[in-house]
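A closer look at the structure
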Amino acid sequence: MQQDLNDMLFFAEVVDRGGFAAAGRALNIPKSRLSRRIAELEDRLGVRLLQRTTRRLSLTEAGEIYHRHCVALREEAQAADEALARVRSEPSGTVRVTCPVTLAQFTVGPLLPRFLAEHPLVRVDMQVSNRVVDPVQEGIDVALRVRSMLDDSGSLVVKKLGPTHGLLVASPQLLQRVGSPKELGDLARVPTVAMSAADGAARWRLVGPRGEAFELDHRPAFTADDLLTLKFAVLQGTGMCVLPDYMCADELRHGELVPVLPGWEPPTAQVLAVFPSRRGMVPAVRRFLDFLGQNVTGEGSPR
């Protein structure tokens, strides 16, 4: 049986657009010609694909099965076109990005000059903020986030860039003053600083060496929505805090900070890129995502 793949694409459009007229306008094909092609397709296949009434079209059982394959064919054809476009198109234009403050300061910021040097026709417009944005409503191409668990992002696509690990740290001077915790119950006597506190109260979840979980309820002496600001307070002995390991590696190595109750750490978080869809994405945005995927390490710091 001679198969015309165009008929499969025509059928997918008719179903997805709810009728011959709308599909004809989208395809720039007369409605009568499109109707004739679908009727010939049904004759060739020997099955009824559509139930036609004066008010609406509906799929038969065979039509539902066939439609799934037609949609898959259409998406593969679009993907092939996009793949070729990526090869022949030099990325250009503006990539609009949002990024949490600490991730920008310690990870993405150091990487961007190399990305821009490799792609001189691309501009990056980055909003550095801890505010959660809606990429669709705010016209953002890529929203970077750090999450301990994947939340439901609706129709958005989520790309994992790599894990990042947190540490509960304090200054040696603070622990000398209040005593180094030997067990979980001792943590309550150590002052804290934190990103936020609802009505003055905050909670940290810690995971032990055998996977056991513990929640520390505390009242921070100081809150700030910027981890670098909090690190200054930790170094001065104001309180202990959960910091990303890449942010305090030098201080740990030099003894300016020490782990509190080693073996107990926050759950591993993921650096995520959230974006509307890969289909129709301009080459500059695709290249930016690929670049991040290749250059953000498992420690959340640049390669």
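Below is a summary of the structure that appears in this document. Please read all numbers here as calculations on a predicted model, not as lab measurements.

**Notes on the nonpolar core**
Of all hydrophobic cores here, the largest spans 38 residues; its most connected members are Leu144, Leu243 and Phe288. Non-local contacts of Leu144, meaning those with residues more than four positions away in its chain, are made with Val97, Thr98, Cys99, Pro100, Leu103, Val108, Leu161, Leu272, Ala273 and Leu292. Val14, Ile38, Leu49 and Tyr66 belong to the second largest nonpolar core, which has 16 residues in total.

**Description of the side chain of Arg74**
Among the secondary structure elements, Arg74 is positioned in helix α4 (residues 61–88). Reaching out from Arg74, the side chain makes a polar contact with the side chain of Asp16 at a distance of 2.6 Å. Residues contacting Arg74, with those up to four places away along its chain left out, are Leu9, Ala12, Glu13 and Asp16.

**Remarks on the pairing of strand β7 (residues 166–170)**
Here β7 lies mainly inside the structure; five of its five residues are buried. On β7, burial covers both faces: Gly166, Leu168 and Ala170 on one face and Leu167 and Val169 on the other are all buried. Pairing analysis gives four bridges linking β7 to strand β12 (residues 241–244), with the strands arranged antiparallel. The residue bridging Leu168 from the neighbouring strand is Val242, located in β12. Bridge count for β7 against strand β13 (residues 258–259) is two bridges, and the pairing is antiparallel. When the sheet's bridge partners are listed, Val169 is paired in β13 with Pro259.

Criteria and cut-off values
Residues numbered from 1 in each chain as written. Predicted model: local features only at pLDDT ≥ 70, side-chain atom pairs only at ≥ 80, totals over all residues. Heavy atoms only, no water. Core = buried A, V, L, I, M, F, W, Y, C linked by side-chain atoms within 4.5 Å. Buried < 20%, exposed > 50% of the residue type's maximum accessible area, 1.4 Å probe, protein only. Contact = heavy atoms within 4.5 Å. Helix = DSSP H or I, 4+ residues; strand = E, 2+ residues; numbered from the N terminus. Polar contact = N/O pair within 3.5 Å; in protein donor to acceptor, adjacent residues only side chain to side chain. Pairing = 2+ DSSP bridges.

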